Amino acid sequence: MSEYRVLPGPEHFLPPAAASMGIRLPNPGEAHINGVIASEEKAYEEAARQFLMAKVPTIFPGPLVLWAWNEKAAKKATAIRHLFNTLKECVQPGQKPMLIPMPDYRPKYPKINPEVEINPNHPNLTIWHNKIDCCMFVGVHCHQANLSLKIIRGGTSCYTIAMCAQAGHEDAMLSFRDASVEKIMKLADTVKRLKGTVQPRLSAKNGGAN
Amino acid sequence: MSKERIQISEALYDIMPSDYQDLVKSATYGKEDRGWKDIGTSKELIEQHSLCAGCPESMAFRYILASLPNPEDTVMVGSTGCTSLVFPMVAVHNIHSLFGNQNAIASGLKRALSVRFPGRVKDVVVLAGDGATVDIGLDMTLQAWFRQEKFTTICFDNELYANTGGQESGLMQKGFVAKMAPVGKLFDKVRLPEIARESGCHYVVNCTVSKPSLVEKVIRNAVHVAREIGPTYLQLYTPCILEIGKNSMEGLQEMRDSEKPTERFAYKEYISEPAKQLLAELAAKDKERKAAAKQLAGQASA
């Protein structure tokens, strides 16, 4: 088993792909935390804890859920909104949950507005601008998610979670696989259940802005 | 992509940047008689771009995107050059090809789309600069025409390599001295419109983009002819104001000066016999549709 761990960065300018360091993807029914295979139950708890600890916990919905290209996508979008609303209810004063879209993957020039969107080709701009220290990708196509997760790991200290509808992301610090409406709702329930049990990192220096 | 699928999930609508909301609400996807007159009253299919202030290419982009007859089912193929800075801001499917192979990519794409979506109209439009079309990609450009590939090739002719500092291109006029071509061009501008005609293009136009209604007409004609008959070619003068030593506000006048009857961008058009027939049929149908709409409007107001 690889000794490499997928941890918050900044790792360096070009972090290695976690797969090349021996990190493998979870099997159905599993997840991974820092590159170590774990049960889904443990992953829900850890993801909820990271959200509740963060100063700026953020959800980045991608095109697969932002655009209602089928009924399932629209339902997932509703579940994501529910998760965000739950986060807002469960955080303490001083924490600032955000919901920032990744509408598409175009390498936008001359710039993006980091207050209103994230672009997979320079996701660190949005992370830095909003001082995001924990984020979750959902509804982002695999290749673009891997690209973004690597850039974030390379240049920021933001904790990354992937709610992946396929086989998971080894480049995230925590990854679910086979994401569904039920899984997103279950994460929201876990956040609600852990409300008040986790101390937010409000006094610590914000890592996302590193 | 069907335009019915271009809908934002209701639960996340409020967080979408306003340009996407506007595209869904007021862009002219699916509008039958869309054209340049929609500019200003509807969302354009181009967002802010990084071209220079006053660049005629940006005008050309706006008129072309407003005039495409079927933008939701069109794929544009671009190549290296100033245009490649704009394509990321264009709300029409597009592919960036390697420098010069845009017509080869478009050939494969058009064929694949015909197989994947039989019975559905899918237009392919190549839009590249003169370096990609006439110098580096001339082989691919000509071979696509020889094979009678059914797509439109648009060349933004600024008569040099603009975004690398002004090197000589095949479409540069004879004697022109550019920043990176100090000796001056020694031979004539390549006569690509004539070559296009001889290579089998069914609709060929050489003009500037000074008149939006003209651009609209030639774009629609070129796309319709390519869809039904065979390759079409448009050579549009989009001068690089920086490289010819003009100011931002002088691009339009430069185009007007260059389209005078004796100048190199005087309007030239070639239409093959089958294309003439098709365009006449389309014009008759259009007339009929407009007359029916007028009659309907008259009845409604009576």
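Residues numbered from 1 in each chain as written. Chains lettered and ligands numbered in written order. Predicted model: local features only at pLDDT ≥ 70, side-chain atom pairs only at ≥ 80, totals over all residues.

S.K.: Can you walk me through the overall build of chain A in this structure?
M.R.: Counting its regular elements, chain A contains six helices and seven strands. Order of helices (α) and strands (β) in chain A, N terminus to C terminus: β-β-α-β-α-α-β-α-β-α-β-β-α. A globule of 210 residues ought to have a C-alpha radius of gyration of about 17 Å, and chain A, at 16 Å, matches this closely. On the principal axes, the C-alpha backbone points of chain A span a range of 45 × 45 × 35 Å. Relative to its 210 residues, chain A shows a buried fraction of 48%. Across chain A, the fraction of contacts at a sequence separation of at least 24, relative to all contacts at a separation of at least 6, is 69%. (Helix = DSSP H or I, 4+ residues; strand = E, 2+ residues; numbered from the N terminus. Rg over C-alpha atoms; globule rule 2.2 N^0.38 Å. Buried ≥ 20, exposed ≤ 12 C-beta atoms within 10 Å, placed from the backbone. Contact = placed C-beta atoms within 7 Å.)

S.K.: Teacher, can you tell me more about the domain arrangement of chain B here?
M.R.: How large an interface is tends to be reported as the accessible area lost when its parts come together. Residues and elements named next belong to chain B. When cut into domains, chain B gives domain 1 (31-271) and domain 2 (275-302). Listed per partner, the contact involves eight residues of domain 1 and five residues of domain 2. Looking at the side of domain 1 that touches domain 2, the element that brings in the most residues is helix α8 (residues 212-228), giving four residues. (Domains from an automatic or database assignment.)

S.K.: Honestly, the packing of α8(B) against helix α10 (residues 273-301) of chain B in this entry has me stumped. Any pointers?
M.R.: Helices that pack against each other are described as a pair by the angle of their axes relative to one another and the distance between those axes. Residues and elements named next belong to chain B. Direction vectors running N to C along α8 and α10 enclose 115°, while the axes themselves pass 10 Å from each other. Of the two elements, α8 crosses α10, and the hand of that crossing is right-handed. Every residue of α10 that contacts α8 at N221, H224, V225 and E228 is listed here: A275, L278, L279 and L282. For the contact of α8 with α10, the per-class residue count stands at five nonpolar, two polar and one charged. (Axes fitted to C-alpha atoms, helices over the stretch in contact; angles between N-to-C directions. Left-handed = near helix turned anticlockwise from the far one by under 90°. Nonpolar A, V, L, I, M, F, W, Y, C, P; charged D, E, K, R; others polar.)

S.K.: Just to check I follow, could you spell out the nonpolar core for this structure?
M.R.: What tends to happen in soluble globular proteins is that the nonpolar side chains get buried as a cluster. I80(A), L83(A), I161(A), A162(A), M163(A), A60(B) and L236(B) are the most contacted members of the largest nonpolar core, which has 136 residues in total. Ignoring anything within four residues of it in the chain, the contact list for I80(A) reads I59(A), P61(A), V65(A), V138(A), I184(A) and L12(B). (Core = buried A, V, L, I, M, F, W, Y, C linked by C-beta atoms within 7 Å.)

S.K.: What am I meant to see in the interface of chain B and chain A here?
M.R.: In this assembly, 14 residues from chain B lie in contact with 22 residues from chain A. Here the residues of the side of chain B that touches chain A sort into nine nonpolar, three polar and two charged.

S.K.: What is the right way to read the sheet that holds strand β8 (residues 232-237) of chain B from this model?
M.R.: For sheets, the rule is that strands pair by backbone hydrogen bonds, running either parallel or antiparallel. Residue and element names in this part refer to chain B. In space, the seven strands of this open sheet follow the order β2-β1-β3-β4-β8-β7-β9, with mixed pairing throughout. Only two strands of the sheet have a single neighbouring strand rather than two, namely β2 (93-96) and β9 (268-271). The mean angle between the axes of side-by-side strands here comes to 15°, regardless of whether they run parallel or antiparallel. Most of the contacts of helix α4 (residues 102-116) go to strand β3 (residues 123-129), to which it runs at about 175°, and overall it touches β1 (74-78), β2, β3 and β4 (152-157). (Pairing = 2+ DSSP bridges.)

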